[in-house]
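Close look at the chain arrangement
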Amino acid sequence: MAATVRYDEVEVGQELPVVGYNVRRLNLVMYAGASGDFNQIHWNERFARTVGLPDVIAHGMFTMAQAGRFITDWAGDPGAVLDFGVRFSSMVIVPDDDQGATISVSGVVEEKLEDKRVVVGLTAKAGDARVLSKARAVVQLS
């Protein structure tokens, strides 16, 4: 595969529209099984509260994966992502209800590099809280 986004069609400052990713407790249990991270703060509300959390929280790597999903969906090819990094800055609290939480991810083209590569800065929020900071991806475009 190759990226479906063309280098000559993007500009520095171009905004990538917000996409919302719903997170429910079931998603966290499924992620725990896939990752092997069964820490109770990610599925047991009673335990999460005993360690001082307001409720169950999403795995940091699950949150990062949603930002990764955003950039690979935009590029059109997961192999087009050459570099991807974030810092975790806040928790995604996932209530035990029908709505769960929403991780909203958006991006902006920050720089055009040589060889048809771009740097995309990402913003990820849950409610008003920015849950990832210094989130950047280098993407090889066509």
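See the structure shown above.
Remember, predicted model here, so these are calculated numbers, not experimental data.

1. Some details on the overall build of the chain
When its secondary structure is counted, the chain shows three helices and five strands. Starting at the N terminus and ending at the C terminus, the chain contains elements arranged as β-α-α-α-β-β-β-β. C-alpha extents for the chain along the principal axes are approximately 50 × 30 × 25 Å. For the chain, buried positions account for 39% of its 142 residues. Put simply, the chain shows about 7,700 Å² of open surface, and 51% of that area lies on carbon and sulfur atoms. Separation of charge centres in the chain, based on 14 positive and 18 negative side chains, amounts to 4 Å.

2. Some thoughts on the side chain of His59
For His59, the position within the fold is in the loop between α2 (45-50) and α3 (60-75). For His59, the side chain forms a polar contact with the main-chain oxygen of Asp37, separated by 3.1 Å. Those residues in contact with His59, other than ones at most four positions away along the chain, are Leu28, Tyr31, Ala32, Asp37 and His42.

3. Quick look at the environment of Pro95
Structurally, Pro95 can be placed in the loop between β2 (81-88) and β3 (101-112). On the basis of relative accessible area, Pro95 is assigned to the partly exposed category, the value being 24%. The sequence separation of Pro95 and Arg24 amounts to 71 residues, and the corresponding C-alpha distance is 7.6 Å. The contacts of Pro95, once residues within four sequence positions are left out, are Arg25, Asp55, Gly100 and Ala101.

4. Quick notes on the sheet that holds strand β1 (residues 15-23)
Taken together, five strands build an open sheet; the order of strands is β1-β3-β4-β5-β2 and the sheet is antiparallel. Each having just a single partner strand, β1 and β2 make up the two edges of the open sheet. Pairs of neighbouring strands in the sheet enclose a mean axial angle of 20°, with direction left out of account. As paired elements, β3 and strand β4 (residues 117-126) share nine bridges and run antiparallel to each other. Counted as the bridge partner of Val109 is Val120 from β4.

5. With respect to helix α1 (residues 25-35)
Within α1 the residues assigned to the buried category are Arg25, Leu28 and Ala32. Down the axis of α1, the buried set is contained in an arc of 55°. They therefore lie on one face. Those residues of α1 that are exposed and aimed more than 90 degrees away from the buried face are Leu26, Met30 and Ala34. In this structure, the buried side of α1 is in contact with β1, α2 and α3. Gly36 lies just past α1 and shows a positive phi near 80°.

Thresholds, definitions, all that
- Residues numbered from 1 in each chain as written.
- Predicted model: local features only at pLDDT ≥ 70, side-chain atom pairs only at ≥ 80, totals over all residues.
- Heavy atoms only, no water.
- Helix = DSSP H or I, 4+ residues; strand = E, 2+ residues; numbered from the N terminus.
- Buried < 20%, exposed > 50% of the residue type's maximum accessible area, 1.4 Å probe, protein only.
- Areas by Shrake-Rupley, 256 points an atom, 1.4 Å probe, with all protein chains shown as cover.
- Lys, Arg positive; Asp, Glu negative; His and termini not counted.
- Charge placed at Lys NZ, Arg CZ, Asp CG, Glu CD.
- Polar contact = N/O pair within 3.5 Å; in protein donor to acceptor, adjacent residues only side chain to side chain.
- Contact = heavy atoms within 4.5 Å.
- Pairing = 2+ DSSP bridges.
- Axes fitted to C-alpha atoms, helices over the stretch in contact; angles between N-to-C directions.
- Arc of directions from axis to C-beta.

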